[in-house]
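Examining the three-dimensional arrangement
Below are the chains, spelled out letter by letter.
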Amino acid sequence: GAVVSQHPSRVICKSGTSVKIECRSLDFQATTMFWYRQFPKQSLMLMATSNEGSKATYEQGVEKDKFLINHASLTLSTLTVTSAHPEDSSFYICSAFPLSYEQYFGPGTRLTVT
Amino acid sequence: AQKVTQAQTEISVVEKEDVTLDCVYETRDTTYYLFWYKQPPSGELVFLIRRNSFDEQNEISGRYSWNFQKSTSSFNFTITASQVVDSAVYFCALSEANYQLIWGAGTKLIIKP
């Protein structure tokens, strides 16, 4: 099956710093990627839709200047959490969407901001 | 508006018991997809099944089975002879024409030895 990787799997950073999370589709091209965040004991919340070569579409309530998304190629999308604060601590999951109804999920990145 | 409801927040059963996880959805589209995912403690989502709206056949895969009923807008998931390794959070999700997934709140399944 299709494989999506995320890097890093776990990151701890200090408040005020920026963190970049990479999402790669390893064996297929993904014109669309999605970024989700998941708080403990909660469901996944869609943050934004990332389309290759164009600006990301952010969901209501998600600050685009804080969560920068770049989908520069058909196999890579990055999410940068700028000026991170403790409330940004969460589990971030990406998914890649080739050209079907099925999304392939990355293993997730656990961000802890101290 | 689209919506997915998993009314069971947490279910706890003893190993070898059968257990059914409920999922009720709302959509105005005639074409849609329904999914079940498993999320073990590691956090990585495991795809279990995808069913399109035109296929109401029930599906069985080993100890897992799914009952899709459009009349009641339900897509329930049954694990037969549960095992400790089945312990996880299970999510039901709906996808419409824009391909975005609408997620249920999840059901935490605890299988006791």
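A brief look at the structure comes next. Per chain, residue numbering runs from 1 following the sequence as it is written. The naming scheme follows written order: chains are lettered A onward, ligands numbered 1 onward. At least 70 in pLDDT is required for a residue's local features to be given in this predicted model, at least 80 for side-chain atom pairs to be given and counted, and no such filter applies to totals for whole chains, interfaces and linings, which use all residues. For side-chain calculations, the full set of non-hydrogen atoms in the structure is used, while hydrogens and water are omitted.

1. A closer look at the overall build of chain A
Check the secondary structure of chain A and you find zero helices and eleven strands. What counts as a helix is a DSSP run of H or I of at least four residues, what counts as a strand is a run of E of at least two, and both are numbered from the N terminus. Taken from N to C terminus, the helices and strands of chain A fall in the order β-β-β-β-β-β-β-β-β-β-β. Restricting the calculation to C-alpha atoms gives the radius of gyration, and the globule rule supplies 2.2 Å times the number of residues raised to the power 0.38. By the compact-globule yardstick of 13 Å for 114 residues, chain A fits well, its C-alpha radius of gyration being 13 Å. Its C-alpha atoms put chain A at 40 × 25 × 20 Å along the principal axes. The buried share of chain A, taken over its 114 residues, is 51%. Two residues qualify as a contact provided that any one of their heavy atoms is within 4.5 Å of a heavy atom in the partner residue. Once local pairs closer than 6 in sequence are excluded, the contacts in chain A between residues at least 24 apart make up 54%. Surface accessibility follows the Shrake-Rupley procedure with a 1.4 Å probe radius. Residue values consider only the protein chains on display as shielding. With the model as given, the accessible surface of chain A reaches about 5600 Å², and the carbon-plus-sulfur share is 52%. Throughout, exposure labels follow a simple rule: accessible area from a 1.4 Å probe, protein chains only, divided by the maximum for the residue type, with under 20% read as buried, over 50% as exposed, and the rest as partly exposed.

2. Things to note about the interface of chain A and chain B
Contacts between chain A and chain B engage 18 residues on the former and 21 residues on the latter. By convention, the term buried area covers the 1.4 Å-probe accessible surface removed from two parts as they join, with the contributions of both added. Taking both partners together, chain A and chain B bury about 1600 Å²; carbon and sulfur atoms supply 59% of that area. Definition used for salt bridges: Asp or Glu carboxyl oxygen within 4 Å of a side-chain nitrogen of Lys or Arg. Put simply, chain A and chain B have zero salt bridges between them. Listing elements by their share of the side of chain A that touches chain B, those giving two or more residues are strand S4 (32-38), strand S5 (45-51) and strand S9 (90-97) of chain A. Residue classes follow a fixed rule: Ala, Val, Leu, Ile, Met, Phe, Trp, Tyr, Cys and Pro count as nonpolar, while Asp, Glu, Lys and Arg count as charged, and any other residue, Gly among them, counts as polar. Looking at the side of chain A that touches chain B residue by residue, the classes come out as ten nonpolar, five polar and three charged.

3. A look at the pairing of strand S11 (residues 109-113) of chain A
Residue and element names in this part refer to chain A. Here S11 shows a buried face lined by Thr109, Leu111 and Val113 and an unburied face lined by Arg110 and Thr112. Paired strands, as defined in this entry, are two strands with at least two bridges between them according to DSSP. Pairing between strand S2 (residues 10-13) and S11: four bridges, direction parallel. Paired with Ile12 across the bridge in S11 is Thr112. The sheet contact formed by S9 and S11 spans three bridges and is antiparallel. Bridge pairing links Phe91 to Arg110 in S11.

4. What about unusual backbone geometry?
Residue and element names in this part refer to chain A. Each neighbour pair has its own omega, and for His7 with Pro8 the value is 0 degrees, a cis peptide bond. Here Pro8 lies in the loop between strand S1 (4-7) and S2. Despite not being glycine, Ser83 has its phi angle at roughly 45 degrees, a positive value. By the element assignment, Ser83 lies in the loop between strand S8 (76-81) and S9.

5. Observations concerning the sheet that holds S8(A)
In a beta sheet, neighbouring strands pair by backbone hydrogen bonds and run either parallel or antiparallel. Residue and element names in this part refer to chain A. Pairing is antiparallel in the open sheet, where four strands are placed in the order S1-S3-S8-S7. The two strands at the open ends of the sheet, each matched to only one other strand, are S1 and strand S7 (67-73). With strand direction ignored, the average angle separating the axes of adjacent strands in the sheet is 15 degrees. The axes are straight lines fitted to the C-alpha atoms, using for helices just the contacting stretch, and the angles between their N-to-C directions are given from 0 to 180°.

6. Looking at the packing of aromatic side chains
Two aromatic rings from Phe, Tyr or Trp, using only the six-membered ring of Trp, form a pair when their centres are within 6.5 Å; if the ring planes differ by under 30 degrees the pair is stacked, by over 60 it is edge-to-face, and anything between is tilted. The final tally for this structure, using the stated rule, is 19 aromatic pairs over all chains. Look at Tyr64(B) and Phe77(B): their rings are 5.2 Å apart centre to centre, the planes differ by 90 degrees, and that puts the pair in the edge-to-face class. Separated by 13 residues along the polypeptide, Tyr64(B) in strand S8 (residues 64-69) and Phe77(B) in strand S9 (residues 74-79) bring together distant segments of the chain. For the pair Tyr64(B) and Phe77(B), a shared accessibility class is recorded, and that class is buried. Ring centres 5.9 Å apart and planes at 90 degrees place the aromatic pair Phe91(B) and Trp103(B) in the edge-to-face group. Placement of Phe91(B) in strand S10 (residues 88-95) and of Trp103(B) in strand S11 (residues 101-103) is noted, with a sequence separation of twelve residues between them. Accessibility expressed as a relative area gives 1% for Phe91(B), which makes it buried. Members of the aromatic cluster, each reached through a chain of ring pairs, are Phe34(A), Tyr36(A), Phe105(A), Phe35(B), Tyr37(B), Phe47(B), Phe91(B) and Trp103(B).

7. Some points on the side chain of Arg37(A)
All names here are of chain A. With respect to the element layout, Arg37 can be found in strand S4. Only four residue types enter the charge count: Lys and Arg as positive, Asp and Glu as negative, with His and the chain ends excluded. Buried charged residue Arg37 carries no salt bridge. Nearest counter-charge: Asp88, at 4.5 Å. A 3.5 Å cut-off defines polar contacts: any pair of N or O atoms within that distance qualifies, except that in protein one atom must be a possible hydrogen donor and the other a possible acceptor, and neighbouring residues in sequence count only when both atoms are side-chain atoms. Among the polar contacts made by the side chain of Arg37, one reaches the main-chain carbonyl oxygen of Glu87 at a distance of 3.4 Å. A distance of 3.4 Å separates polar atoms of two side chains, one belonging to Arg37 and the other to Tyr92.

Just geometry here; none of it tells us what the structure is for.
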